[in-house]
Amino acid sequence: QVQLVERGGGLVQAGGSLRLSCAASGSISSDNTMNWYRQAPGKQRELVAGSSSAGNLAVANSVKGRFTISRDNAKNTVYLQMNSLKPEDTAVYYCNVKSAPLWRDYWGQGTQVTVSS
């Protein structure tokens with residue numbers, strides 16, 4: 001029983017910033033990854049950024065230099081700082097957790113990010 005609660009989406013102008021958060025609760029293992037995906041209309045869901053409880057952090061090439069992922073293991077929370085937003089960043093952003101020992105997937109409800117030109 002794992003629940004993920006996402007916050008921080010909204011409507012911003014190009015060049016603006018948003019900060020997303022995802023808080024996990026329930027039977028999540030301390031050995032896990034917490035990640036951000038996004039899906040735009042008519043497109044496949046894509047991995048935007050990932051993090052591990054061991055401290056590894058990475059972002060996709062498409063957002064490198066603009067987005068930063070961070071996490072707080074004590075709070076089971078992952079963040080996505082999004083700067084210099086572009087209209088092509090418009091999508092529903094989903095928090096994802098993969099948890100040991102079976103590495104099951106858990107998904108947040110999604111939060112809409114809309115960037116206007």
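Below you will find a few notes about this structure. (Residues numbered from 1 in each chain as written. Predicted model: local features only at pLDDT ≥ 70, side-chain atom pairs only at ≥ 80, totals over all residues. Heavy atoms only, no water.)

1. Digging into the overall build of the chain
Selection criterion: Only runs of H or I of at least four residues qualify as helices and only runs of E of at least two qualify as strands under DSSP, and these elements are numbered from the N terminus. Our radius of gyration is a C-alpha quantity, and the globule rule it is checked against amounts to 2.2 Å times the number of residues to the power 0.38. For every residue, the accessible area (1.4 Å probe, protein chains only) is compared with the maximum for its type, and the residue is labelled buried under 20%, exposed over 50%, or partly exposed between those bounds. The contact definition used throughout considers only heavy atoms, calling two residues in contact when any of these lie within 4.5 Å.
Scanning the chain from N- to C-terminus turns up zero helices and 11 strands. Along the chain direction, N to C, the helices and strands of the chain fall in the order β-β-β-β-β-β-β-β-β-β-β. In terms of overall dimensions, the chain is globule-like: its C-alpha atoms have a radius of gyration of 14 Å, near the 13 Å expected for 117 residues. C-alpha atoms of the chain, sized along the principal axes, occupy 45 × 25 × 20 Å. Taken over 117 residues, the chain has a buried fraction of 43%. The contacts of the chain with a sequence gap of at least 6 include a subset with a gap of at least 24, amounting to 53%.

2. So, the sheet that holds strand β3 (residues 18-26)
Heads up, the condition is: If DSSP finds at least two bridges between two strands, the strands pair. Here, axes are lines fitted to C-alpha atoms. For helices the fit covers the stretch in contact, and angles between N-to-C directions go from 0 to 180 degrees.
Spatially, four strands are ordered β1-β3-β8-β7 in an open sheet, and the strand pairing comes out antiparallel. Either end of the sheet is taken by a strand with one partner, and the two such strands are β1 (2-7) and β7 (67-72). Ignoring strand direction, the axes of neighbouring strands in this sheet form an average angle of 15°. Taken together, the six bridges between β1 and β3 define a ladder with antiparallel strand orientation. Across the sheet, residue L4 finds its bridge partner in β3, namely A24.

3. Considerations on the environment of A40
Within the secondary structure, A40 is located in the loop between β4 (32-39) and β5 (46-52). Along the backbone, A40 and R104 are 64 residues apart, and their C-alpha atoms lie at a distance of 24 Å.

4. Structural notes on the pairing of strand β11 (residues 111-116)
Side chains of β11 alternate between two faces, with T111, V113 and V115 buried and Q112, T114 and S116 left unburied. Note that strand β2 (residues 10-13) and β11 share four bridges and pair parallel. Residue pairing in the sheet places Q13 in a bridge with S116 of β11. Note: strand β9 (residues 91-99) against β11, three bridges, orientation antiparallel. Bridge pairing links V92 to Q112 in β11.

5. Section: the nonpolar core
The cut-off we apply is this: Among buried residues, the Ala, Val, Leu, Ile, Met, Phe, Trp, Tyr and Cys ones that are joined through side-chain atoms within 4.5 Å form a nonpolar core.
Formed by 27 residues in total, the largest nonpolar core has its most connected members in W36, V48, F67, L80, M82 and Y93. Those elements giving two or more residues to this core turn out to be β1, β3, β4, β5, β7, β8 (77-82), β9 and β11.

6. Comments concerning the pairing of β4
The buried count for β4 comes to seven of eight residues, which makes it a mostly enclosed element. Summarising the sheet, β4 and β9 pair through eight bridges and their orientation is antiparallel. From the neighbouring strand, W36 faces β9, where its bridge partner is C95. Hairpin geometry of β4 and β5 is characterised by an intervening segment of six residues between the two adjacent antiparallel strands and by a positive phi of about 75° at G42.

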